[in-house]
Amino acid sequence: MKRLSILFVLIGLFFTASCGLQKEGLVLMTDQSYKASVFATNKMGFGSPDGLIWHKGKLYIADEGGSALEVWSKADGLKTLMDSSFGISSPEKLVVDSEGNAFFTDDDVGGLWEVDAGGNRRLVAGRDKGLVYTKGIALAPDGSILVGDGEQHEVFRVTRDGAVSEFIGKEYGITRPEGLVYDDKGNLYIADEEDNVLYMLDPNRNLHRLIDRRDSFSPEALWYVNGLLYIADEHFGKVYVYTPNDGLKPIATFAGSFKQLQGITVDDQGDLYVAVQTDLKHKVGHIIKLSKESTEVAAR
Amino acid sequence: MIHALVFSTLLMSFASRLTDLNNQLSLFINSVAGRSWLFDNVVAFFLDNDLAKAGVIGCCFLAAWYGGKTTEGTNARRKILITTLIASVFVIGTTKLLSHTIFLPRPDIQTQKIFRLEGDQLVEMKRMPTRIPLDEASQKDYRALLSGDVQTNDLGSFPSDHAGFFITIALGIWLASRRLGLVALGWTVFVILAAKMISGQHTPIDIAAGGAVALIELSIIQYAAQQRFGRLLDKLPPLTLRYSALSSAIIFAVMFEVSSTLTHVRAFFGLLAAVRRHVLFGIS
């Protein structure tokens, strides 16, 4: 019996080894016109990315796993703009203004941080001004920066000189404003990742619950371009596109080790880039590109 | 170095052939689905109905539990069956662990456009022409898949936890009573697991892996029960006879759970996890 047990164990080990498979990433395309490819892995030099943004041919990365803000370009490769030596810990979401100044939040040490176009780094407003657990971020039309706070359940307005005021108070009932983005009509979209709701604050400051599907929808990051709102869903590993007329349409489902979606952005060609935290603890991440099949053909 | 290279090449070649064989077998078994509304509904009934699916296994277990002709015989059977229940817990844990380390998409998912990570590249997987059964639940799930409304927790099929769990129980019954065990094993393989493969939920490799885990762990735990914990386990069966009303109530509750594929226990653990999150992190 003892020998038989050992034999079974050996057979089992051989069987597992013969499968030759690790837990792997998988992208299931719902929108058949898209194809998925790996844009970047850790070999590029980042840890585990959260927020992403394409700006003038450069990809800015809020690297949560690597505790750094980084920028990548084809010519220069990956460069670190700010790291933990400046006091940041867990960069979350980011925006870049038209002058090339990058702002980002940090859901560990809190605050709003900036690396300007000249490479100067500073804390715009910190915990002492009430920015405790900063999550979503958006550039307001008036040039100020909106910052969502997941602990205080509010959205704050922060001016460039660091003055902080309440923009959306607790009374609106938003629990965790994880993603923020303006559309071209002045509507502010808010992704509440804890209550699993997509809100829209119209220019008259009326708050609308656009999507409220607690069982299968949990918006994390938002990106708006050309009348389309792109949504990355962290808990359910999905990428959606939303329009007021067509509603919510899934583009792809990420599964296996790719399930944790964080940031989403679109480049000038209209290709989607999704930040995947493959293993945050071990600082492993991917940036996945979703491009239209026709775009690839046209490019050739 | 050369030996390692040759060995890894052989292993990869073997794995590739195994995958091809698995796909061919899977499609062959699934080829009977999607042709007859009646047949597909019968298969779906045995998949969805707890009494038809696992109730038979529960009945076999209870028959083995109470079926000893002598006190010694009953004690011996109950010792094996108690050990089997312990082994089934380990088997569930192992299959869960394996499902978190190895990811193979379900055959019905593989009808869609899927990109899989191979090295540093996403490679489009060859689509499997899996036939979708005509019963209402399967058609509804397929429509949900096409519209992207899929649960990411349920995309992987490796290994089959149903195979692991029911083969453990059926083998345990077989160790206690050959006739009842054959009924339980036959029902597990030809009804429960065949239905899983026909409907495109699992491939033969998923089932084989679940079965292998069951066989290995049940063997080890039965061996350990005989050799290491024999004295301790010898005390339990006489207790079940002495306190027969209580033990009957407990074994009824256990078989109720086995027959419902541990649905209520899972819900209970889900509640515990939610309570933990609520108490520790304040998440409601």
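Residues numbered from 1 in each chain as written. Chains lettered and ligands numbered in written order. Predicted model: local features only at pLDDT ≥ 70, side-chain atom pairs only at ≥ 80, totals over all residues.

**Q** Which residues make up the sheet that holds strand E8 (residues 102–106) of chain A, and what are the values?
**A** Residues and elements named next belong to chain A. With antiparallel pairing, four strands are arranged side by side in an open sheet as E7-E8-E9-E10. For this open sheet the edge positions go to strand E7 (91–96) and strand E10 (121–125), each flanked by a neighbour on one side alone. Sheet twist, expressed as the average angle between the axes of neighbouring strands with direction ignored, equals 30°. Relative to E10, strand E9 (residues 112–115) is paired through four bridges, and the arrangement is antiparallel. Paired with Trp113 across the strands is Leu123, a residue of E10. (Pairing = 2+ DSSP bridges. Helix = DSSP H or I, 4+ residues; strand = E, 2+ residues; numbered from the N terminus. Axes fitted to C-alpha atoms, helices over the stretch in contact; angles between N-to-C directions.)

**Q** Before we move on, could you go through the confidence of the model for chain B and cite the residues and values that matter?
**A** Residue and element names in this part refer to chain B. For chain B, the mean per-residue pLDDT works out to 88, and 98% of the residues sit at or above 70. Ranking the elements of chain B by mean pLDDT puts helix H11 (residues 263–281) last with 81 and helix H7 (residues 178–198) first with 95. Across the predicted assembly, pTM comes out at 0.79 and ipTM at 0.85. (pLDDT = per-residue confidence, 0-100.)

**Q** A description of the environment of Ile61(A) should follow, citing residues and the corresponding values.
**A** Residue and element names in this part refer to chain A. For Ile61, the location among the structural elements is in strand E4 (residues 58–63). Taking the number of C-beta atoms within 10 Å as the measure of exposure, Ile61 has 34 and is therefore buried. With 30 residues separating them in the primary sequence, Ile61 and Pro91 have C-alpha atoms 8.9 Å apart. Ignoring sequence-local partners within four residues, the contact set of Ile61 consists of Phe46, Pro49, Leu52, Glu70 and Trp72. (Buried ≥ 20, exposed ≤ 12 C-beta atoms within 10 Å, placed from the backbone. Contact = placed C-beta atoms within 7 Å.)

**Q** Explain the pairing of E8(A) to me, using residue names and the numbers behind them.
**A** All names here are of chain A. A large share of E8 lies buried, amounting to five of its five residues. The alternating pattern of E8 places Ala102, Phe104 and Asp106 and Phe103 and Thr105 on opposite faces, both of which are buried. Note that E7 and E8 share four bridges and pair antiparallel. Of the residues in E8, the one forming a bridge with Val95 is Phe103. Connecting E7 to the next strand, E8, in antiparallel fashion are five residues, including Gly100 with a positive phi near 90°. Here four bridges tie E8 to E9, and the two strands are oriented antiparallel to one another. Residue pairing in the sheet places Phe103 in a bridge with Glu114 of E9. Between E8 and the antiparallel strand that follows it, E9, lie five residues; Gly110 among them carries a positive phi value of about 75°.

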